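These are the residues of each chain, in order.
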Amino acid sequence: MGLFDAFRKSSKERRVEESHMRAMKEDLEVYSGMRVEVTSEDNRIFLVARLLELRGDRAQLEPGADGSLVTRSDEPVKVTLRGYSSKEGRTVIIEGTVRMGQNKLWQAEHLALVDWNENRANVRVETKAEGRFSLADRPGVPEEHCQIKNMCMGGVCIGAQVRRDVGDKLLLQVEQILELRDVPLCCQILRIDARKGGYFEYGCRFVDVDEETERRLFRAMYALYHGLYN
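Residues numbered from 1 in each chain as written. Predicted model: local features only at pLDDT ≥ 70, side-chain atom pairs only at ≥ 80, totals over all residues. Heavy atoms only, no water.

With that settled, consider the overall build of the chain. A count of helices and strands for the chain gives 3 helices and 13 strands. Across the 230 residues that make up the chain, the buried fraction comes to 42%. For the chain, restricting intrachain contacts to residue pairs at least 6 apart in sequence, the fraction spanning at least 24 positions comes to 55%. In the structure as shown, the chain presents an accessible area of about 12900 Å², 46% of it carried by carbon and sulfur atoms. (Helix = DSSP H or I, 4+ residues; strand = E, 2+ residues; numbered from the N terminus. Buried < 20%, exposed > 50% of the residue type's maximum accessible area, 1.4 Å probe, protein only. Contact = heavy atoms within 4.5 Å. Areas by Shrake-Rupley, 256 points an atom, 1.4 Å probe, with all protein chains shown as cover.)

What follows deals with the side chain of Q188. Relative to the assigned elements, Q188 resides in strand 12 (residues 185-194). Judged by its relative accessible area of 16%, Q188 is buried. In this structure the side chain of Q188 is engaged in a polar contact, spanning 3.1 Å, whose partner is the backbone oxygen of G167. Those residues in contact with Q188, other than ones at most four positions away along the chain, are G167, D168, K169, G203, C204, R205 and V207. (Polar contact = N/O pair within 3.5 Å; in protein donor to acceptor, adjacent residues only side chain to side chain.)

Before going further, it helps to examine the pattern of salt bridges. Going through the model one piece at a time under the given rule, you end up with 12 salt bridges. In this structure, E143 and R132 form a salt bridge, with 3.0 Å as the shortest nitrogen-oxygen distance. With a gap of 11 residues between them, E143 in the loop between strand 8 (130-135) and strand 9 (144-151) and R132 in strand 8 connect regions that are remote in the sequence. Here R132 and E175 are joined by a salt bridge, their closest N and O atoms 3.9 Å apart. With R132 in strand 8 and E175 in the loop between strand 11 (169-173) and strand 12, this residue pair connects regions lying 43 residues apart in the sequence. (Salt bridge = Lys/Arg side-chain N within 4 Å of Asp/Glu carboxyl O.)

Next up on the list: the environment of Y202. Residue placement: Y202 occurs in strand 13 (residues 200-206). Remark: the alpha-carbon pair of Y202 and V156, spanning 46 residues in sequence, is separated by 8.2 Å. Beyond its immediate sequence surroundings of up to four residues, Y202 is in contact with V156, C157, I158, V162, R163, R164, I189, R191 and I192. In terms of polar contacts, Y202 uses its side chain to reach the backbone carbonyl oxygen of V162, at 2.5 Å.

And the structure:
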């Protein structure tokens, strides 16, 4: 009967089951301490937290300074956790459920490592905001105007009529997004795309992000995702 039951399962069900088994066998403790974005089934970001106490397919989630943007509940919620493992240099995507735990912690259960690659770690949102940036290590260089093309918790894509180099660190100011006003965002250029007319787009990652900046970014991403600045 067990064999026939296996054939009756859909390919997705078999894949999820295999992922759960793999999660139990793999040493997920390597991801302990990793910051993750938690999104619901409809891709809404509602929690930024750190993974703690990873054991098999269970863990705890410690919310960032801003906590969560959903009401805590005893009922489990299906979620996707996206993070970036600096130890392995790759994006990690984990599926599972979360529910309310003791104190401020959330309980993550039925975790399954479903994907890992070198693509962006976070949900990225298009924006129409404008900003300005300067070189972090060259304070004498004048600020440049830029367009904020898209943004996520891990980085930003900006466009400007000036050439900079891969590896340059920028101090970015985005006054049009209330949550980021007067918050200098330190980012480093990872990729350059040259466009027509001497226009360049820079793919950057945020660096030196403290708890307050992380909290502001979380609020900004929530506002952008829900179209508050469209």
